[in-house]
Amino acid sequence: MLRYTLKRLAIMPLLLWGIVTIAFFLSHSISSNPLASIVGTRNLGNADVVAAATQRWGLDKSLLQQYFIYIGNLLHGDLGTSFRTKEPVASDLSSRLPATLELALFALIIAVVLGIVLGVVAARNNGRLLDGALRTVALVGSSTPVFWVALLLLFVFYARLGIAAGPGRLSSRVDPPPHFTGMYTVDSLLVGNFPLFSDALSHLILPSIVMALPLLGTVIRMVRAQVLEEQSSDFVRTARAKGMTPSQVTNRHVVKNAITPVITVVGISVGMLIMGAVMVETIFTWNGIGTYAVEASRSLDFPAITGVCLVGGVIFLVSNLVTDIAYAIIDPRVRL
Amino acid sequence: MQHKTLFAHRPIRRGRRTLGAAAAALALMALAACSAPAASSSGGDSGEIILGRSMDVSTLDPERSLCDSCQIYNGAVYDTLLAATTADGDLQPLLAQKWEANDDNTEFTFHLDPDAVFSDGSPVEAKDVKWSFERLANLKGDPSYFMAGVKEVAAPDAATVVVTTDAPNSAFFNVVTAGYTGIINSDVAIENGATADKDAAKTDKAEQWFLKNSAGAGQYVLTSYEEGSQLVLSENKNYWGDDKPNFKKVVIKDVPDASTQLQQLQQGDIDVAMQLSFDTLDQVKSDESLTSEVVPTYNYVYLGISPGAADAPKALDDKRVREALRKAIDYDTVIDATVAGQGSKQASAIPNGFEGSDGLDVPTYDPEGAKALLAEAGASNLKLEATYPTFTIYGVNFSTMFQSIQQSMKKAGIELTLNPLDYTAWGTKFGAGELPLTAVYFAPDHPDAVQYFQYFSLAKGASWLGYSGLSENTRETKGVAKALTETGDARAATYSELGQDMIDDAIILPVVNPQVILAGGSNVSGNNYHVTRNIDLRQLKFTD
C-alpha cells in the first residue's frame with residue numbers, strides 16, 4: 001500500500017501541471033478581454049487607462065510569455081495576483097478555502113451519518129410504509145434544486161419563524177475568532193469561546209443541510225440496497241447458524257460490508273461538495289471558494305481561475321487517494 | 001424474508017447505541033440551529049451600525065478606485081478639500097477652510113484648516129495635497145480623469161495649495177468634492193510603496209497596502225476588508241472636525257440580493273438596507289419596525305447609439321432615425337416594468353436636478369411620429385440589435401428594460417433583436433466601440449454638470465465622441481470650453497444649451513432615472529442619498 005501511495009503522490013505534480021496548463025489556455029481562449037472588468041465601464045474607451053492597465057497586469061505579453069511567467073512563479077509558490085481582488089491569489093484561496101471546507105465537512109457529516117442510519121432503517125423496514133417514506137425522502141433530496149431548498153429554508157426558518165441563523169458565517173455584531181484554521185467552529189473552540197462556537201455552528205446548519213441533501217439521498221439509497229443485498233449473503237446465514245444474534249450480524253458484518261461502496265461515493269463527493277458549493281455559498285452569503293470561482297470566471301480573472309483549478313485538482317486527487325486507501329483498509333480483499 | 005424476520009424480532013443493542021449517538025450529534029446541531037441568532041445588542045447600544053448593500057468595491061486605494069461602494073468608503077475615510085451637499089449646491093469647507101479662483105478660472109487656491117490632522121495625528125499639509133493630486137494623475141487609473149487639465153499643483157507654504165489648469169475650469173471646486181480626490185497622508189503612503197512620480201503607473205506598489213490600511217483625515221479608519229463579506233470601519237479617534245463620528249464602528253456588509261437585504265433588515269441583522277427592490281415597497285412601508293422613504297437620485301440608465309460601430313445599420317447615421325428611436329420608447333411602461341413606476345423620465349444626459357437640466361423637454365412615446373421620421377429618412381422596417389450586459393443596476397434589470405423597449409419599438413415598426421451578454425463579454429465589445437445599440441448606467445462623480453458633457457457629448461475629448469464613431473461637434477467643444485470660463489447664471493444657461501445640443505445629437509437616450517428606497521431600522525435617522533458619497537455617514541444616526 002505504501003508503494004502504491006508513493007507512486008500516486010509522485011505523479012501528482014504531473015497531473016497538476018496538466019490541470020494548470022489546460023485551465024490556463026482554456027480560460028485564455030475565451031474571446032472576451034479581462035480588461036473589460038479590470039478597467040471601470042467609464043474608462044473602457046480611455047486609451048491611457050487601458051494601456052496602463054494592460055501593462056500593469058502583463059496582458060501586453062504574448063500568451064506563451066504569460067504562461068511561462070505563470071509557471072515560473074508557480075514553481076516559487078506564487079499563484080499571481082487576482083485582477084479582481086488585487087490580492088495574491090494564494091492569500092485569497094487560503095482565506096476562502098477553510099470556509100468551504102468547514103461547510104463541506106458538516107454537509108458530509110450530515111449526509112453520511114444520517115444517510116447510513118436512514119439507509120439501514122429503510123432496509124430493516126423493507127416494503128413497509130417507513131421504507132417508502134425514506135425512499136421518497138432520498139428521491140426528493142437527490143432531485144430537488146438546491147437553490148430552491150436554500151431559499152425556502154431561509155424564508156421559513158430565518159425570515160418568517162426567526163429560529164434559524166441567517167446568511168453569513170456569523171451573526172451581525174459578532175466578531176470572528178482569531179485565525180488558526182480559518183474554520184470558525186474549530187477556531188472558536190481552540191480559544192474556548194463557546195458562545196462563538198454555538199453561533200458559528202448555528203450558521204452552518206441551514207447551508208450544510210442544503211448542501212448535504214443530494215448526497216444524503218444517494219447514501220440512503222445505496223446503503224439500503226447494500227444492506228438488503230448483504231442480508232441474503234451466505235455469510236449472514238452462516239453467522240446466524242453459528243448462534244450470533246441479528247444485531248451482532250448486522251453490526252459486525254452486514255453494515256460493515258454495506259458501507260464499503262459508500263466510501264467510494266463519499267470520497268468522490270468530497271471534491272464535488274467543495275468545488276460545487278457555488279449555489280449554497282451564493283444564497284447564504286458564504287464567502288468561500290465557490291463564490292470566488294464564480295466571480296473569477298465572470299471577470300475573466302485568469303490568475304484566480306487557474307488558482308481555483310489547481311486547488312480543485314489537489315482536492316480531487318487527494319480525496320481519491322484517501323478513498324482508495326480507506327477502501328483497502330476496510331476491505332482486506334482489496335490490494336493496492 | 002428470513003432476514004426481515006431476523007431484524008424484526010431481536011433487540012439490536014449496539015445498533016441502538018450507534019443510532020443514539022448519531023441522533024444525539026444531529027440533535028446538537030439542530031439545537032444550535034434553533035438557538036441560532038446570537039443575541040446581538042442593538043446598534044444603538046453598541047455604537048455599531050451595519051449597512052447592507054451589494055458591494056462593488058474595485059479597490060480601497062482611493063486613487064485607483066471608481067465604484068459606488070468606493071464613494072462611501074472614500075467619503076468616510078479620506079476627507080476632501082471641499083464638501084458638496086447636493087448637485088450644484090453650495091460648497092462646504094472641509095480640509096480647506098477658504099478657497100478662491102483667479103478671474104480666468106485657471107488658478108485655484110486652497111487654504112487648509114490648521115486643525116486638520118490625519119488619523120495618525122500628523123497635520124494635513126499642502127505637500128500632502130500636492131502629492132495626492134499628482135499621484136491621482138500619474139497612476140493613470142480609473143479616477144485619473146479628475147485631474148485632467150491640471151498643469152501644476154504647488155505648495156507655496158504648508159497651509160496653501162495652488163492648482164493651475166491648462167484652460168479655464170470653473171468646475172474645479174466641484175471636482176475636488178469627489179471622494180476620489182480625497183487627501184492621503186503622503187509620508188505614510190510613501191513608506192508603504194506609494195509614489196506620485198510621473199511613472200507611478202508602473203512603479204506604485206501600494207494598492208495591497210491600501211486594502212488593509214488607510215491613511216486619511218476622515219471620520220473613520222479602515223479596520224478590515226474581506227472581499228465578498230464585509231468592510232469594517234472604526235471611528236478615527238483623532239478626527240479633527242467639530243462633527244465627531246456618530247458611530248464607533250461602521251460595517252458595510254455584502255448582501256448581494258435585494259430580498260435578502262430586506263430579510264436581514266427585518267431580522268435586525270442590518271440597520272440600513274441600501275438597495276431594496278421596489279417590488280417590496282409595500283411590505284417595507286407596512287412594517288412598523290422599519291423606517292422608509294423614497295427619494296430621487298441622480299443615477300440613470302440610458303441607451304447609447306454608435307452609428308460608427310462596424311456592424312451598425314447605415315440608417316443610424318441619419319439623425320432622424322436616431323430621433324425616431326427616442327420617440328419609439330414607451331418610457332412610462334418601461335419605468336413601470338423596471339422600477340414599479342418609481343422613476344422619472346429624463347430629457348438629456350444631464351440628470352434631473354443638475355444645473356442645465358431645467359427647461360429641457362422630456363421625451364414622450366410617439367410611435368406614429370417615429371414611423372413618420374423613419375419613412376422620411378427612408379428607413380422604414382428598421383432592424384436593430386441591442387447588445388447589453390445582463391445585470392440589474394439601481395433596481396433596473398436590463399433584460400426587463402429591453403423586453404419592454406422591444407415591445408414599444410415594434411409598434412413603431414422597428415424590429416429590435418436582443419443580445420444579452422455577460423458583463424465582461426459586453427465590456428469587451430463596448431470598449432472596442434462595436435455596439436450599434438447598447439444600454440449603460442451613470443452615477444455622478446461630483447456635483448458639476450460638466451462631467452456629462454465631458455463624457456456624453458460630441459465635444460473634443462468626450463468619451464462618447466469615440467464610442468459613437470461620429471465626428472466632433474465643434475459647437476459643443478466651444479460650448480464646453482465657454483461654460484468652464486463662466487460661473488453662476490451664465491454658466492447655467494450654457495449648460496442648458498449644451499443639454500439641448502446633446503438631445504439633438506440623439507446619441508444618448510436616457511430611459512429611466514430611478515428613485516431609491518432609503519430603508520432602515522426604526523432607531524435609525526438621517527438615512528440619505530448623497531451626490532458624491534452615495535450615503536453620507538455624517539447624517540446617519542441612531543435615535544436610541
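None of these values were measured; they are calculated from a predicted model.

(A) Focus on the overall build of chain B. Scanning chain B from N- to C-terminus turns up 20 helices and 22 strands. Considered along the principal axes of its C-alpha atoms, chain B spans approximately 95 × 65 × 45 Å. At a minimum sequence separation of 6, the contacts of chain B that also span at least 24 residues come to 69%.

(B) Structural view of the overall build of chain A. A count of helical and extended segments in chain A gives 14 helices and 0 strands. Written out in order from the N terminus, the α and β elements of chain A read α-α-α-α-α-α-α-α-α-α-α-α-α-α. With the C-alpha coordinates of chain A rotated into their principal frame, the extents come out at 85 × 55 × 40 Å. For chain A, with 336 residues in total, the buried portion stands at 46%. Counting only contacts in chain A whose residues sit at least 6 apart along the sequence, the fraction spanning at least 24 positions is 72%.

(C) Region of interest: the nonpolar core. Among the nonpolar cores identified, the biggest contains 173 residues, and V301, Y302 and V511 of chain B are the most heavily contacted of them. Looking at this core, the element that brings in the most residues is strand β20 (residues 508-521) of chain B, giving 8 residues. A domain-level breakdown of this core finds at least three residues from each of domain 1 (21-245 + 516-542) and domain 2 (300-514) of chain B. The contact partners of V511 of chain B, leaving out residues within four places of it in the chain, are V301, Y302, L303, I329, Y331, V334 and M401 of chain B. Counting 82 residues, the second-largest nonpolar core is a separate cluster that includes V89, I116, A165 and V236 of chain A.

(D) Looking closely at the packing of helix α7 (residues 146-160) of chain A against helix α9 (residues 194-231) of chain A. Residues and elements named next belong to chain A. Two elements in contact, α7 and α9, have axes separated by 10 Å at closest approach and are oriented at 150°. As far as their axial angle goes, α9 and α7 are roughly antiparallel. Regarding α7 and α9, the two cross each other, and that crossing is right-handed. Counted together, V146, V149, A150, L153, L154 and F157 of α7 and L206, V210 and L213 of α9 form the full contact between these two elements.

(E) Structural detail: the UniProt feature "domain: ABC transmembrane type-1" (unreviewed entry) in chain A. Feature annotation in UniProt places "domain: ABC transmembrane type-1" (unreviewed entry) on residues 97-327 of chain A, given in this structure's numbering. Helix makes up 79% of residues 97-327 of chain A and strand 0%, and the two end C-alpha atoms of the span are 26 Å apart.

(F) Spatial organisation of the domain arrangement of chain B. Residues and elements named next belong to chain B. Taken domain by domain, chain B comprises domain 1 (21-245 + 516-542) and domain 2 (300-514). Taken over C-alpha atoms, the centre of domain 1 sits 31 Å from the centre of domain 2. The interface is formed by 19 residues belonging to domain 1 together with 17 residues belonging to domain 2. Looking at the side of domain 1 that touches domain 2 residue by residue, the class counts come to 9 nonpolar, 8 polar and 2 charged.

(G) Expanded view of the confidence of the model for chain B. All names here are of chain B. Per-residue pLDDT for chain B averages 91, and the proportion of residues at 70 or more is 91%. Here residues 36-41 is modelled with pLDDT under 50, and outside its nearest four sequence neighbours on either side it reaches 17 contacts, counting other chains as well. As a predicted assembly, this complex carries a pTM of 0.89 together with an ipTM value of 0.85.

(H) Focus on the UniProt feature "transmembrane region" (unreviewed entry) in chain A. Residue and element names in this part refer to chain A. Sites flagged by UniProt as "transmembrane region" (unreviewed entry) map to residues 103-124, 136-159, 204-223, 262-284 and 304-330. Segment residues 204-223 splits into 100% helix and 0% strand. End C-alpha atoms: 26 Å apart. A distance of 38 Å separates the end C-alpha atoms of residues 304-330, which is 100% helix and 0% strand.

(I) Structural context of the UniProt feature "domain: Solute-binding protein family" (unreviewed entry) in chain B. The sites that UniProt annotates as "domain: Solute-binding protein family" (unreviewed entry) are residues 91-461 of chain B. Along residues 91-461 of chain B one finds 28% helix and 24% strand; the C-alpha atoms at either end are 27 Å apart.

(J) Just the sheet that holds strand β4 (residues 96-101) of chain B, in detail. Residues and elements named next belong to chain B. In spatial order, the strands read β4-β5-β7-β6; together these 4 strands make up an open sheet with antiparallel pairing. With one partner strand each, in any of the chains shown, β4 and β6 (150-157) form the two edges of the open sheet. Taking each pair of neighbouring strands and ignoring which way they run, the sheet shows an average axis angle of 20°. Summarising the sheet, β4 and strand β5 (residues 107-112) pair through 5 bridges and their orientation is antiparallel. Looking at the pairing, E100 lines up with T109 of β5. Along the sheet face, helix α5 (residues 126-138) touches β5, β6 and β7 (160-165) and points at about 165° away from the line of β6.

(K) Up close: the pairing of strand β13 (residues 300-305) of chain B. Residues and elements named next belong to chain B. With respect to burial, β13 is a largely interior element, 6 of its 6 residues being buried. Residues Y300, Y302 and G304 of β13 are buried on one face, and the alternating residues V301, L303 and I305, pointing to the opposite face, are buried as well. With 6 bridges joining them, β13 and strand β19 (residues 437-442) adopt antiparallel strand pairing. From the neighbouring strand, Y302 faces β19, where its bridge partner is V440. Where β13 lies against β20, 4 bridges are found, and the strand directions are antiparallel. Bridge pairing links L303 to L509 in β20.

(L) Broad picture of helix α12 (residues 319-327) of chain B. All names here are of chain B. Taken across its 9 residues, α12 has 7 buried, putting it largely inside the fold. Taken as a whole, α12 has its buried residues at V321, R322, E323, A324, L325, R326 and K327. At its buried positions, α12 is contacted by β13, α14 (367-376) and β20.

(M) Representation of the environment of K202 of chain B. Residue position: K202 of chain B is located in helix α8 (residues 200-203). The spacing of K202 of chain B and N138 of chain B is 64 residues in sequence and 9.5 Å in space, taken between C-alpha atoms.

(N) Local environment of α5 of chain B. All names here are of chain B. In this model, α5 (13 residues) spans 18 Å end to end at C-alpha, consistent with the 18 Å of a helix rising 1.5 Å per residue. Most of α5 is tucked away: 12 of the 13 residues are buried. For α5, every residue scored as buried is listed here: A126, D128, V129, K130, W131, S132, F133, E134, R135, L136, A137 and N138. Structurally, α5 contributes buried residues whose contacts are with β5, β6, β7, α7 (186-191) and α8. Directly beyond the C-terminal end of α5, a positive phi value near 50° is found at K140.

(O) Local environment of the environment of G313 of chain A. Residue and element names in this part refer to chain A. By the element assignment, G313 lies in helix α14 (residues 302-330). For G313, a count of 21 C-beta atoms within 10 Å translates into the label buried. Between the C-alpha atoms of G313 and L59, which are 254 residues apart in sequence, the distance is 26 Å. In contact with G313, other than residues within four places in its own chain, are L15, L16 and I19.

(P) Here's a closer look at the environment of M279 of chain A. Mapped onto the secondary structure, M279 of chain A falls in helix α12 (residues 278-283). The contact partners of M279 of chain A, leaving out residues within four places of it in the chain, are V146 and F147 of chain A.

Rules of the game
Each chain has its residues counted from 1, running along the sequence as written. Chain A is the first chain written and ligand 1 is the first ligand written, with later ones labelled in order. Totals for whole chains, interfaces and linings use every residue, but because this is a predicted model, local features are given only for residues with pLDDT of at least 70 and side-chain atom pairs only at 80 or more, for both listing and counting. Only DSSP runs of H or I covering at least 4 residues are called helices, and only runs of E covering at least 2 are called strands; the numbering of each starts at the N terminus. Note that contacts rest on C-beta atoms placed from the backbone: two residues are in contact if these are within 7 Å. Using C-beta atoms placed from the backbone, we call a residue buried if 20 or more other C-beta atoms fall within 10 Å of its own, exposed if 12 or fewer do, and partly exposed for counts in between. To form a nonpolar core, buried Ala, Val, Leu, Ile, Met, Phe, Trp, Tyr and Cys residues must be joined through C-beta atoms within 7 Å. Where a domain begins and ends is set by an automatic assignment or by a domain database. Whenever a helix is involved, its axis is fitted only over the stretch in contact; in every case the axis is a line through C-alpha atoms, and angles between N-to-C directions fall within 0 to 180 degrees. Any angle that falls under 35 degrees is termed roughly parallel, while one over 145 is termed roughly antiparallel, one within 65 to 115 roughly perpendicular, and all others oblique. Here is the rule for handedness: rotate from the far helix to the near one, and if that takes an anticlockwise turn smaller than a right angle the crossing is left-handed, while a clockwise turn gives right-handed. UniProt positions are given in the numbering used here, feature names are shortened, and annotations may be inferred rather than shown by experiment. Classification convention: Asp, Glu, Lys, Arg as charged; Ala, Val, Leu, Ile, Met, Phe, Trp, Tyr, Cys, Pro as nonpolar; all other residues, Gly among them, as polar. pLDDT is defined as a per-residue confidence score from the predictor, taking values between 0 and 100. We treat two strands as partners when DSSP finds at least two bridges between them. A helix is expected to span 1.5 Å multiplied by its residue count minus one.

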